[in-house]
Amino acid sequence: MSGRDCIGIAKTGSGKTLAFVLPMLRHVKDQPPLAQGDGPVALCMAPTRELVTQVRAGLGSWKEGCNGRQERLC
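Residue numbers run consecutively from 1 along every chain, following the written order of its sequence. Where totals are concerned, whole chains, interfaces and linings use all residues; where local detail is concerned, this predicted model gives features only for residues with pLDDT of at least 70, and gives and counts side-chain atom pairs only at 80 or more. Derived side-chain values reflect all non-hydrogen atoms in the structure, with water molecules and hydrogen atoms excluded from consideration.

A.B. asks: Quick one: what's the story with the overall build of the chain, residue by residue and with numbers?
C.D. replies: Helix and strand definitions here come from DSSP, where helices need a minimum of 4 consecutive H or I residues and strands a minimum of 2 consecutive E residues; each element is numbered from the N-terminal end. Looking only at helices and strands, one finds two helices and zero strands in the chain. Buried means the residue's accessible area, taken with a 1.4 Å probe over protein chains only, is under 20% of the maximum for its type, while exposed means over 50%, and partly exposed covers the values in between. Counting the 74 residues in the chain, one finds 11% classified as buried. Shrake-Rupley sampling with a 1.4 Å probe provides the accessible areas, and residues are treated as covered by the protein chains on show and by no other component. Accessible area for the chain stands at about 6,600 Å²; split by element, carbon and sulfur atoms hold 55% of it.

A.B. asks: So what's going on with helix α1 (residues 16-29)? Which residues, and what values?
C.D. replies: Given a rise of 1.5 Å per residue, 14 residues ought to cover 20 Å, and the 20 Å separating the end C-alpha atoms of α1 matches this to within 8%. The sharpest bend along α1 reaches about 30 degrees and sits at L22, with the proline P23 one to four residues further on. Residue count minus one, scaled by 1.5 Å, sets the expected span of a helix. Bend is computed residue by residue as the angle between axes fitted to the seven residues ending at the residue and the seven residues starting at it.

A.B. asks: I'd like to hear about the nonpolar core, residue by residue, with values.
C.D. replies: Among the buried residues, those of types Ala, Val, Leu, Ile, Met, Phe, Trp, Tyr and Cys that are joined through side-chain atoms within 4.5 Å form a nonpolar core. V21, M24, L25, V55 and L59 form the largest nonpolar core, which has five residues in total. Secondary structure elements with two or more residues in this core: α1 and α2 (49-62). Counting residues per element, this core draws most heavily on α1, which supplies three residues. The contact rule is simple, with two residues in contact once any of their heavy atoms fall within 4.5 Å. Dropping the residues within four chain positions of it, M24 is found in contact with A42, L43 and C44.

A.B. asks: Give me the lowdown on the environment of M24, citing residues and values where you can.
C.D. replies: Summarising the element assignment, M24 is placed in helix α1. Each C-alpha atom, one on M24 and one on V41, is 9.1 Å from the other, the two residues being 17 residues apart in sequence.

Such coordinate-based values are descriptive only and should not be taken to indicate function.
Right, dumping it as structure tokens:
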């Protein structure tokens, strides 16, 4: 969590999504409430629609601790 880049290689189902999303959720949680017109605080991008769907599904249980903040996905 020191802000450095890293590369992770692992098998399917090993928790890679959590590994890159956890620092983002921590950052979101530490932000003050947004005013009208502010944001986004974090952005998660993926190369395919299928991967975006998987990431969103994985975020479902982990985002509960983000002070009630909601994500907006297109």
